[in-house]
Each structure stands twice: as structure tokens, then as C-alpha cells.
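Results of the structural survey
So you can see what is in the structure, the chains are spelled out below.
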Amino acid sequence: MNCLILVDIQNDFVPGGSLAVKEGDQIIPLVNRLMESFDLILATQDWHPADHKSFAANHPEGQIGQQIELDGLPQVLWPVHCVQESFGAELVAGLHTSHIQHIFHKGTDMDIDSYSGFFDNGQRKSTGLGNFLKEKQVEQVYIVGLATDYCVKATALDAQNLGFRTYVIEDACRGVNLQEGDVSKALNEMQQAGISLIQSQDLLR
Ligand code: VGL
Ligand code: ZN
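Summarised in this report is the structure supplied together with it. Model, not experiment: these values are computed from the prediction.

1. Let's talk about the overall build of the protein
When you go through the protein residue by residue, the secondary structure sums to five helices and eight strands. Start at the N end of the protein and walk to the C end: the helices and strands fall as β-α-β-β-β-β-α-β-α-β-α-β-α. Whereas a compact globule of 205 residues would reach a radius of gyration of roughly 17 Å, the protein reaches 16 Å, a difference of no more than 12%. Oriented by its inertia axes, the alpha-carbon framework of the protein measures out at about 50 × 35 × 30 Å. A separation of at least 24 residues holds for 75% of the contacts in the protein among residues at least 6 apart in sequence. When the accessible area of the protein is evaluated, it comes to approximately 9500 Å², of which 46% is carbon and sulfur surface.

Shown next, in the form of C-alpha cells:
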């Protein structure tokens, strides 16, 4: 069984959103077409409480982009984004969401961030995604979404580590590039871990 996982395709991560990823909206038509090739489609949703500690605004003198330590883990401070029940947290309206069987929420605990759709950044709690895939006897996982250098990368690395044959559909992802070169570094890191980088054309022909 193959599964397509849509990572964080939410209003705050596309142009106009609070943590807008450049060209983030350009993946939408591609993702909609890719969905036609899969029997199982899942999504993740960044789903923070308003007092989440990854928000610069929740630290006195916190600056966006600043690196801090949070509960023993490195943490980048972000603008307020994907607050539970807010418009920014909703999946982008152009997505064909009726194809999505299940949505996994992450980042719900105020004290720890969660880039991966499987576990928080400390691997302390699971979202249930891994067990869900095992129950459905998924063997191959295909990943698209936002952002390449954060949540796509973390989700892909965990999928690969959990034993799923993992593919990242490169042109159906976009990254933040907080530092120039972050996206290429992330792609290299994924490839080093044994993840296959493919293009949507490889599936759409
Ligand atoms: C993400 C930064 C903070 C992502 C989520 O979806 O890549 N990035 N929260
Ligand atoms: Zn977040």
C-alpha cells in the first residue's frame, strides 16, 4: 500500500500567511493532481495553542528567527502561526480536502515544538501517524508540502527511520530558507538518510 502525506499545507504557510513560504501556494495544483494517484491520503496540520513557546511573541525580547533552547532542545522562534481554530491554521482552500482520510495534529503542547508529523521534536509523544500507517499496511510513503527544510524534512526522516520506503516529491514542496542554502542542505540530508527525491512527473506520466 502507498500513502501520500500532505505536510502542513495551511494558510499561514502560503503567501499572505504569517509564516509565508515563498511560492508555497504553487504546489496546490500539483498536490491536487498527485492525489488522484493514491488510495490513501493523509495530512498533517500544525496546530498550536496561542501560548506556544515556539512563538517569538511569547518570550520577552524574543526575536523571529532567533535560536533559543526550549526544555533542553534547540528551538527557532517563529511568528505566531497556525493557532488552533484560526484561519491561518486551516488547510489552504484550493486543496481537494475531500480526498484526505485523516488529519494528524502536531505542535499542540505549548512547551515543545513538533516539526515531524510523527513525533514532537524530543520524540516524547507520538501523533498516532506511525501506527495508523502500520495498521493500513502501508509500505511506501510519499511526502509533499511545507516547509521542505522543517516539517517536510522531519516527517520524511521519521518515516524512513520507522521503516517505510520514503519518497519526497521535490517539486511539490517549498522551503523557508531562513539561511540561504537551507533547502538544499535539507534535501541532501534526506538523501543521505536513504530517502528518494523524486519529481511529480515521475508519478503523473
Ligand atoms: C513549520 C516552522 C514552524 C513547518 C511549522 O510546517 O515547516 N515550520 N512550524
Ligand atoms: Zn509551527
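From this point, things continue past the structure.
2. Quick look at the coordination of the zinc ion (ligand 2)
The zinc ion (ligand 2) binds to the protein through Asp46 (OD), His48 (NE2) and His81 (NE2); the donor distances cover 2.0 to 2.2 Å. Around the zinc ion (ligand 2), the four donor atoms are arranged such that angles at the metal cover 88 to 170 degrees; this shape is classified as irregular. Mapped onto the sequence, the donors of the zinc ion (ligand 2) take the spacing D-x1-H-x32-H. You can see aspartate 46 sitting in strand 2 (residues 40-46) and its partner histidine 81 sitting in the loop between strand 4 (73-76) and strand 5 (102-106), a full 35 residues away along the chain. Comparing aspartate 46 with histidine 81, the two get one shared label, buried.

3. Here we look at helix 3 (residues 148-161)
Structurally, the α-helix is built with 3.6 residues per turn, so residues lying three or four positions apart point the same way. A large share of helix 3 lies buried, amounting to twelve of its 14 residues. Residues of helix 3 that are buried include every one of Thr148, Asp149, Tyr150, Cys151, Val152, Lys153, Ala154, Thr155, Ala156, Leu157, Asp158 and Ala159, and no others. Buried residues in helix 3 make contact with strand 1 (2-7), strand 4, strand 5, strand 6 (140-146), strand 7 (165-174) and helix 4 (182-192). Looking at the residues trailing helix 3, positive phi occurs at glycine 163, about 100 degrees.

4. Digging into the side chain of glutamine 75
Among the structural elements, glutamine 75 can be located in strand 4. A polar side-chain atom of glutamine 75 sits 3.0 Å from a polar atom in the side chain of aspartate 113. Apart from residues lying up to four places away in sequence, glutamine 75 is in contact with Ser54, Gln66, Gln67, Ile68, Leu70, Asp113 and Tyr115.

5. Notes on the sheet that holds strand 2
Strand order in this open sheet of six strands is 5-2-1-6-7-8, and the pairing throughout is parallel. Strand pairing shows two members of the sheet lacking a second neighbour, strand 5 and strand 8 (196-198), which therefore form its edges. Adjacent strand axes in the sheet meet at a mean angle of 25 degrees when their direction is disregarded. The strands that helix 3 touches are strand 1, strand 5, strand 6 and strand 7; relative to strand 6, the one it contacts most, it runs at about 170 degrees.

6. Some points on empty space enclosed by the protein
What the rule picks out here adds up to two cavities of 30 Å³ or more. In this structure, the largest cavity spans a volume of roughly 130 Å³. Phe13, Leu19, Tyr115, Tyr150 and Cys151 are, among the 15 residues lining the largest cavity, the residues nearest its centre. Here the residues of the lining of the largest cavity sort into ten nonpolar, two polar and three charged.

7. Some words on helix 4
Those residues of helix 4 that sit buried are Asp182, Val183, Ala186, Leu187 and Met190. One side of helix 4 carries all its buried residues, which in axial view fall inside an arc of 140 degrees. In helix 4, those exposed residues whose orientation departs by more than 90 degrees from the buried face are Lys185 and Gln192. On its buried face, helix 4 sits against helix 3, strand 7 and strand 8. Positive backbone phi, at 100 degrees, marks glycine 194, one or two positions downstream of helix 4.

8. Quick word on the environment of cysteine 3
With respect to the secondary-structure elements, cysteine 3 resides in strand 1. Given the relative accessible area of 0%, cysteine 3 is considered buried. The sequence separation of cysteine 3 and isoleucine 103 amounts to 100 residues, and the corresponding C-alpha distance is 13 Å. What cysteine 3 contacts, discounting residues up to four positions off in sequence, is Phe38, Leu40, Leu42, Leu133, Val138, Gln140, Val141 and Tyr142.

Conventions adopted
- Residues numbered from 1 in each chain as written.
- Chains lettered and ligands numbered in written order.
- Predicted model: local features only at pLDDT ≥ 70, side-chain atom pairs only at ≥ 80, totals over all residues.
- Heavy atoms only, no water.
- Helix = DSSP H or I, 4+ residues; strand = E, 2+ residues; numbered from the N terminus.
- Rg over C-alpha atoms; globule rule 2.2 N^0.38 Å.
- Contact = heavy atoms within 4.5 Å.
- Areas by Shrake-Rupley, 256 points an atom, 1.4 Å probe, with all protein chains shown as cover.
- Donors = N, O, S within 2.8 Å, 3.2 Å for Na, K, Ca; no water.
- Tetrahedral: all angles 85-135°; square planar, octahedral: opposite > 155°, others 65-115°.
- Buried < 20%, exposed > 50% of the residue type's maximum accessible area, 1.4 Å probe, protein only.
- Polar contact = N/O pair within 3.5 Å; in protein donor to acceptor, adjacent residues only side chain to side chain.
- Pairing = 2+ DSSP bridges.
- Axes fitted to C-alpha atoms, helices over the stretch in contact; angles between N-to-C directions.
- 1 Å grid on protein atoms, 1.4 Å probe; cavity = no way out; pocket = protein on both sides within 12 Å on 5 of 7 lines; lining within 4 Å.
- Points joined across faces, edges and corners; volume = space filled by probe spheres on them.
- Nonpolar A, V, L, I, M, F, W, Y, C, P; charged D, E, K, R; others polar.
- Arc of directions from axis to C-beta.

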